[in-house]
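Summary of the model geometry
Here is how the chains run, residue by residue.
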Amino acid sequence: LGAGAVVVPSLFQAFEAEFLAPRVFNRRGLLEAAQRLIDAQARKRQQVTVLMFDLDHFKSINDRFSHQVGDEALRVFAKTATRNMRADDIVGRLGGEEFSAILPGGLDVAFGVAERVRAAFDVAGEEIANLLVRATVSIGAVSARRPRQRSSRTRSRTDNWTAPQRSPDVPWKRLVYLDDAILAA
């Protein structure tokens with residue numbers, strides 16, 4: 001670069017949740033990238049699937065071990081998720097202990113991705129910062145045959161099913177799938 005050149009970060013860098021892991025968007029970047037994927041899939045008349053990840057008992061991790069260990073749990077999850085997703089999958093942090101991913105394809109594809117992430121985090125979350133934390137994740141998935149639906153609406157429907165604290169009688173560390181019939185309701 002010559003004298004006086006200005007370095008402009010890439011779009012991804014501008015929206016990256018820097019402290020977590022490469023390829024993990026912040027909320028704004030995730031929603032914008034998700035909408036681009038939804039639009040591209042709609043043009044091809046192909047499905048998209050949204051995964052919602054909720055780290056189980058995250059407040060307890062912060063309370064029992066410290067906020068630094070909680071932050072490390074977020075980093076471990078982010079790295080685990082990106083390592084177990086495909087190159088075209090989009091992942092980001094929505095806030096707190098909630099992450100989301102949007103994948104091209106239907107539930108058949110998303111099930112394999114979600115289960116890989118869940119199983120890998122069961123192992124990676126066992127010990128964090130040299131402490132026996134046993135962090136786990138619950139995952140919800142919803143697939144849309146009508147991919148023109150706004151990502152925020154699809155995400156909110158999935159989020160309602162992934163937050164065990166809202167449903168105390170439902171077990172933690174689980175995968176929940178919603179089908180198109182529920183989306184169409």
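Residues numbered from 1 in each chain as written. Predicted model: local features only at pLDDT ≥ 70, side-chain atom pairs only at ≥ 80, totals over all residues. Heavy atoms only, no water.

This next bit is on the packing of helix α4 (residues 67-83) against helix α5 (residues 107-124). Running from N to C, α4 and α5 cross one another at 140°; their axes reach a closest spacing of 9 Å. Judged by the angle between their axes, α4 and α5 are oblique. For the pair α4 and α5, the sense of crossing is right-handed. Contacts between α4 and α5 involve Ala73, Val76, Phe77, Thr80 and Ala81 from the first element and Val117, Ala120, Phe121 and Ala124 from the second. Each residue belonging to the contact of α4 with α5 can be placed in one class, and the counts come to 8 nonpolar, 1 polar and no charged. (Axes fitted to C-alpha atoms, helices over the stretch in contact; angles between N-to-C directions. Helix = DSSP H or I, 4+ residues; strand = E, 2+ residues; numbered from the N terminus. Parallel < 35°, antiparallel > 145°, perpendicular 65-115°, else oblique. Left-handed = near helix turned anticlockwise from the far one by under 90°. Contact = heavy atoms within 4.5 Å. Nonpolar A, V, L, I, M, F, W, Y, C, P; charged D, E, K, R; others polar.)

Tracing the sequence through the fold places Ala119 in helix α5. In this structure, the C-alpha to C-alpha distance between Ala119 and Asn84, residues 35 residues apart in sequence, is 9.8 Å.

Attention now goes to unusual backbone geometry. Positive phi values are uncommon outside glycine, yet Asn130 reaches one of about 60°. In this structure, Asn130 sits in the loop between β5 (127-128) and β6 (131-132). One non-glycine residue with positive phi stands out, namely Arg134, at about 60°. Looking at the element boundaries, Arg134 is found in the loop between β6 and β7 (137-144). The class of Arg134 is exposed, set by a relative accessible area of 55%. (Buried < 20%, exposed > 50% of the residue type's maximum accessible area, 1.4 Å probe, protein only.)

Our next topic: the pattern of salt bridges. Under the definition given, this model contains 7 salt bridges. Ionic pairing is found between Glu72 and Arg75, a salt bridge with its closest N-O pair at 3.0 Å. Of the two residues, Glu72 and Arg75 both sit in helix α4, 3 residues apart, roughly one turn of that helix. For Glu72, a relative accessible area of 26% puts it in the partly exposed group. Relative accessible area serves as the criterion here: at 21%, Arg75 is assigned to the partly exposed category. Measuring nitrogen to oxygen at the nearest pair gives 3.1 Å for the salt bridge that ties Arg134 to Glu126. In this structure, a network of salt bridges that share partners links the residues Glu115, Arg118 and Asp122. (Salt bridge = Lys/Arg side-chain N within 4 Å of Asp/Glu carboxyl O.)

Let us now look at helix α2 (residues 27-43). Between the first and last C-alpha of α2 there are 24 Å, a value that for 17 residues agrees with the 24 Å anticipated at 1.5 Å per step. Along α2, the residues classified as buried are Gly29, Leu30, Ala33, Ala34, Gln35, Leu37, Ile38, Gln41 and Ala42. Regarding α2, its N-cap is Asn26, as a side-chain oxygen of that residue lies 3.3 Å from the backbone nitrogen of Arg28 further along. After α2 finishes, the residue Arg45 shows a positive phi value of roughly 55°. (Expected span 1.5 Å × (residues − 1). Polar contact = N/O pair within 3.5 Å; in protein donor to acceptor, adjacent residues only side chain to side chain.)

Let us look at the confidence of the model for the chain. For the chain, the mean per-residue pLDDT works out to 79, and 68% of the residues sit at or above 70. Below a pLDDT of 50 lies the segment residues 4-14, which in the model reaches 7 contacts outside its immediate sequence neighbourhood of four places, other chains included. Contacts of residues 180-185 to residues separated by more than four positions or lying in other chains number 15 contacts, the stretch itself having pLDDT below 50. (pLDDT = per-residue confidence, 0-100.)

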